[in-house]
Amino acid sequence: KAVLEKIAASPVRIQLVDGLRNLLVPGVTRRLQNEYSCLADAYKTAEPVEGTSLALFSLASGIVDRAIPMESLRATTVWSDGLPEAETVLSEQAYASFLANQSPSAPPPRRGVRATYALTADLTLAPESSRRWMIVADIGRSQSEVATLCVALRKGGHAAAVLGAADDSTRRLRALVGSADGLQTGGDEIATAHHFANTLFNIMRGGVFARHHE
């Protein structure tokens, strides 16, 4: 999630680029990524979904050193909400163009390059105004899950559902940590955060007592 605020008393025009670089795709193991990342890049594909902010990143085929067909049936999905005027660019060139004060162009589906998802936009911010947006990424999505996501994005309101689910997860996590006395308030914010983290790691290993020790 990102927030851009204008706190001065005059409007301002902003050019921005925001995104994720070198996204991982399903089918690339840790060893393959660490030792043969250039080979893995050669198999990668990036495809925008028309009518949405969604982009799909996957392998053109399974990476195998044998003459056999091997389909890659899962994808990494990335979509955004909050910047309807933004252009989605699936190329590392978006960042170089931005730094050179040029407008990057959205390319067609790409192959054989590292997976990149970038939003580029020209905004005018009024005094004491703000813009909020988010980028959502997930990995290992099946074809049916991608189709369901496309329908949800076209209907609208999916971003609010995602934020609501994230907030609900945060509340449930804090309740679990609180049940193990992990919530405290003090003058030292770092010590407070450290205590929360320690308690969280402890309950991740050992769980919490059912029904508050009853």
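Residues numbered from 1 in each chain as written. Predicted model: local features only at pLDDT ≥ 70, side-chain atom pairs only at ≥ 80, totals over all residues. Heavy atoms only, no water.

**Student:** Would you take a moment to explain the overall build of the protein for this structure?
**Tutor:** Of the regular secondary structure elements, the protein holds six helices and nine strands. Against the globule reference of 17 Å for 214 residues, the protein gives a C-alpha radius of gyration of 22 Å, more extended than a compact globule. Its C-alpha atoms put the protein at 60 × 60 × 35 Å along the principal axes. Split into buried and exposed, the 214 residues of the protein put 31% on the buried side. Sequence separation of 24 or more characterises 70% of the internal contacts of the protein that already satisfy a separation of 6 or more. Accessible surface, the protein: about 13800 Å² in total, of which carbon and sulfur atoms supply 53%. (Helix = DSSP H or I, 4+ residues; strand = E, 2+ residues; numbered from the N terminus. Rg over C-alpha atoms; globule rule 2.2 N^0.38 Å. Buried < 20%, exposed > 50% of the residue type's maximum accessible area, 1.4 Å probe, protein only. Contact = heavy atoms within 4.5 Å. Areas by Shrake-Rupley, 256 points an atom, 1.4 Å probe, with all protein chains shown as cover.)

**Student:** Teacher, can you tell me more about the packing of helix α5 (residues 158-179) against helix α6 (residues 189-206) here?
**Tutor:** Working note: a packed helix pair is described by the angle between its axes plus the distance between those axes. Relative orientation of the contacting elements α5 and α6 amounts to 90°, with a least axis distance of 9 Å. Judged by the angle between their axes, α5 and α6 are roughly perpendicular. Contacts between α5 and α6 pair Leu 173, Arg 174, Leu 176 and Val 177 from the former with Phe 196, Thr 199, Leu 200 and Ile 203 from the latter. The class makeup of the residues in the contact of α5 with α6 is six nonpolar, one polar and one charged. (Axes fitted to C-alpha atoms, helices over the stretch in contact; angles between N-to-C directions. Parallel < 35°, antiparallel > 145°, perpendicular 65-115°, else oblique. Nonpolar A, V, L, I, M, F, W, Y, C, P; charged D, E, K, R; others polar.)

**Student:** Help me understand the pattern of salt bridges, please; the structure alone is not making it clear to me.
**Tutor:** Close approach of charged atoms lets side chains of opposite charge pair. Applying the stated criterion to the full structure yields ten salt bridges. Among the ionic pairs, Asp 41 bridges to Lys 44, the shortest N-O distance being 2.9 Å. The class of Asp 41 is buried, set by a relative accessible area of 10%. We classify Lys 44 as buried; its relative accessible area is 2%. (Salt bridge = Lys/Arg side-chain N within 4 Å of Asp/Glu carboxyl O.)

**Student:** Could you clarify how one ought to interpret the nonpolar core in this entry?
**Tutor:** Inside soluble globular proteins, nonpolar side chains tend to come together where they are buried. If you look at the biggest cluster of nonpolar residues, it comprises 21 residues, and the most contacted ones within it are Phe 57, Leu 83 and Tyr 117. For this core, the elements supplying multiple residues, two or more each, are β2 (12-23), β4 (55-59) and β8 (115-125). Among the elements that make up this core, the one with the highest residue count is β8 (five residues). Not counting residues within four places of it along the chain, the set of residues in contact with Leu 83 comprises Leu 16, Leu 119, Leu 123, Arg 131 and Trp 133. Formed by eleven residues, the second largest nonpolar core is a distinct cluster that contains Val 49, Met 134, Val 136 and Leu 153. (Core = buried A, V, L, I, M, F, W, Y, C linked by side-chain atoms within 4.5 Å.)

**Student:** Which parts of the structure should I look at to understand the environment of Leu 39?
**Tutor:** Inspection of the secondary structure puts Leu 39 in helix α2 (residues 37-43). Setting aside anything within four residues of it in sequence, one finds Leu 39 in contact with Leu 32 and Ile 63.

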